[in-house]
Amino acid sequence: MPNSRSTSRAAALLTAFVLCLSALHAAAQSSGKLFHVIVPFAAGGVQDLLARSISDDLGRALGQTVVVENRPGAGGTVGTGVVARATPDGQTVVMAAASHLIAPYLYAKLGYDPQKDFVPAAYIGIASYILMIPASVPASSTGEFIKYAKANPGKLNYASAGNGSATHLAMAYFSGLAGIDIVHIPYKATGEAINEVIAGRAQAVIAANIGALGFKDDKRVKLLGVTSKERSRFVPDLPTLAESGLPNYEFTSWFGLLAPAGTPKSATDAINAAVDKLLKDPSIQERLGRQGIEFAAMPNADFGRLLGSESEKMAQVVKLAGLKPE
């Protein structure tokens, strides 16, 4: 008969073996539980900050680990293309915005269809933009800036977060309506574009609230107006561009999660329910408010209809901006 010492050793080895198997099994389960949120722009932009601000809470609501990945390039089309080609298993989404629907009007060979190759997963909210100029530019209103630009055709430039980005189209649309000749200088992120304006190397940028609100008291720059139809609750004293020099101008951006076409409805419904839960949390509401986002939950069917109407609107905006596919 085996002695007590050998029995104890065998039991210890068996326990260690079971624990090892359990750990491997847990690791395998965990690796299959990663939920990927692809941000198609560089770190520091509005979509990146939004994704990272909700990732932990979204993970808890989904019961999964959320990983935020930046895949910048070509106005957001590189990262968006990654999601379009991803396995439609409900584990990969893109943090999309207005630029998602702008892309087909700017890129002749896009490689994916912004509507047919995606399905709505969760609407998050909407944000307006703010026209920002350096303190060195002799203008204190939208009207004065337009007058200054007309007096200096081709001599001024504006910065954006890249070709095809919402910041690009917002300013191109502005230029088209105002009838001014101002040169576009694309960068990789909104933060870089704002830095160029602060340094005075760029004479304008139209940045999302999240990027511009932190500079409302900065003496190096001037905030001339918001792009929404109505004044923003975040900066109620700042006029709209329409009321301060450019009638009929309006440009805002929606934010939401889109999944690859073919993703099961049960998966997108689960994502939508998780985001809906987040948006009811006062701490999340406060967090999004600090980012200048007007949050609002929406059923995916309504989100899909919104995407359709926004696509038609973007076609008109691109036409008025005078941009051509390249």
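See the structure shown above.
Conventions adopted
- Residues numbered from 1 in each chain as written.
- Predicted model: local features only at pLDDT ≥ 70, side-chain atom pairs only at ≥ 80, totals over all residues.
- Heavy atoms only, no water.
- Phe/Tyr/Trp six-rings, centres within 6.5 Å; stacked < 30°, edge-to-face > 60°.
- Helix = DSSP H or I, 4+ residues; strand = E, 2+ residues; numbered from the N terminus.
- Buried < 20%, exposed > 50% of the residue type's maximum accessible area, 1.4 Å probe, protein only.
- Contact = heavy atoms within 4.5 Å.
- Core = buried A, V, L, I, M, F, W, Y, C linked by side-chain atoms within 4.5 Å.
- 1 Å grid on protein atoms, 1.4 Å probe; cavity = no way out; pocket = protein on both sides within 12 Å on 5 of 7 lines; lining within 4 Å.
- Points joined across faces, edges and corners; volume = space filled by probe spheres on them.
- Nonpolar A, V, L, I, M, F, W, Y, C, P; charged D, E, K, R; others polar.
- Salt bridge = Lys/Arg side-chain N within 4 Å of Asp/Glu carboxyl O.
- Axes fitted to C-alpha atoms, helices over the stretch in contact; angles between N-to-C directions.
- Parallel < 35°, antiparallel > 145°, perpendicular 65-115°, else oblique.

Quick word on the packing of aromatic side chains
Inference 1: A complete count under the given rule lists 7 aromatic pairs for this structure.
Inference 2: Aromatic side chains Tyr-123 and Phe-303 sit 5.5 Å apart centroid to centroid with 70° between the ring planes, which places their arrangement in the edge-to-face category. Taken as a pair, Tyr-123 in strand S4 (residues 118-134) and Phe-303 in helix H11 (residues 300-321) lie far apart in primary sequence, 180 residues in all. Each member of the pair, Tyr-123 as well as Phe-303, is classed as buried.
Inference 3: Pairwise contacts between aromatic rings join Phe-145, Tyr-173, Phe-174 and Tyr-249 into one cluster.

What to know about the side chain of Thr-80
Inference 1: With respect to the helices and strands, Thr-80 occurs in helix H3 (residues 77-84).
Inference 2: Those residues in contact with Thr-80, other than ones at most four positions away along the chain, are Pro-40, Val-94, His-100, Tyr-112 and Phe-118.

Here's the deal with the nonpolar core
Most often, soluble globular proteins keep nonpolar side chains buried together rather than apart.
Inference 1: Of all hydrophobic cores here, the largest spans 82 residues; its most connected members are Phe-145, Phe-174, Phe-251 and Leu-257.
Inference 2: A per-element tally of this core places S4 first, with 9 residues.

Description of the layout of surface pockets
Inference 1: Computed from the structure, the largest pocket encloses a volume of approximately 220 Å³.
Inference 2: Around the largest pocket, the lining residues are Leu-106, Tyr-107, Tyr-158, Asn-163, His-168, Ala-172, His-184, Leu-323, Lys-324 and Glu-326.
Inference 3: A breakdown of the residues in the lining of the largest pocket according to their chemical character gives 5 nonpolar, 3 polar and 2 charged.
Inference 4: Taken as a whole, the second largest pocket encloses approximately 170 Å³ of empty space.

Some thoughts on the environment of Gly-63
Inference 1: Inspection of the secondary structure assignment puts Gly-63 in the loop between helix H2 (46-62) and strand S2 (65-70).
Inference 2: What makes Gly-63 exposed here is its relative accessible area of 54%.
Inference 3: Sequence separation of Gly-63 and Val-78 is 15 residues, and the distance between their C-alpha atoms is 29 Å.

As for the pattern of salt bridges
Inference 1: The final tally for this structure, using the stated rule, is 12 salt bridges.
Inference 2: A salt bridge links Glu-196 to Arg-201; the nearest nitrogen and oxygen atoms lie 2.9 Å apart.
Inference 3: Overall, the relative accessible area of 12% leaves Glu-196 in the buried class.
Inference 4: A salt bridge links Asp-302 to Arg-305, with the nearest nitrogen and oxygen atoms 2.3 Å apart. In this pair, Asp-302 and Arg-305 both sit in helix H11, 3 residues apart, roughly one turn of the helix.
Inference 5: With a relative accessible area of 33%, Asp-302 lands in the partly exposed category.
Inference 6: The exposure class assigned to Arg-305 is exposed, which follows from its relative accessible area of 56%.
Inference 7: Linked through salt bridges whose partners overlap, the residues forming this network are Asp-57, Arg-60 and Arg-287.

Concerning the packing of H2 against helix H10 (residues 282-290)
Packed helices, taken two at a time, are described by the angle between their axes plus the distance between the axes.
Inference 1: Look at H2 against H10: their axes get within 10 Å of each other, and the N-to-C directions meet at 170°. Considering the angle they form, H2 stands roughly antiparallel to H10. Seen from H2, the contacting residues are Leu-50, Ser-53, Ile-54 and Asp-57; seen from H10, they are Ile-284, Arg-287 and Leu-288.
Inference 2: For the contact of H2 with H10, the residue count by class is 4 nonpolar, 1 polar and 2 charged.

Considerations on the environment of Ala-170
Inference 1: In this fold, Ala-170 is placed in helix H6 (residues 166-178).
Inference 2: You can call Ala-170 buried: its relative accessible area is 0%.
Inference 3: Contacts of Ala-170, omitting those with residues within four sequence positions, involve Ile-206, Tyr-249 and Phe-251.

Description of empty space enclosed by the protein
Inference 1: In the structure shown here, the tally under the stated rule is 2 cavities of 30 Å³ or more.
Inference 2: Taken as a whole, the largest cavity holds about 160 Å³ of empty space.
Inference 3: Along the wall of the largest cavity there are 19 residues; nearest its centre are Phe-41, Val-46, Gln-47, Ala-161 and Thr-190.
Inference 4: Counting only elements with at least two residues in the lining of the largest cavity, the list comes to H2, H6 and strand S9 (252-260).
Inference 5: Here the residues of the lining of the largest cavity are counted per class, giving 10 nonpolar, 7 polar and 2 charged.
Inference 6: Empty space within the second largest cavity amounts to approximately 70 Å³.
Inference 7: Considering the residues around the second largest cavity, the lining is formed by 15 residues, among which Pro-40, Gly-76, Thr-80, Ser-99 and His-100 are closest to the centre.
Inference 8: Contributions of two or more residues to the lining of the second largest cavity are made by H3, strand S3 (92-97) and helix H4 (99-102).
Inference 9: Considering every element that reaches the lining of the second largest cavity, the biggest residue donor is S3, with 4 residues.

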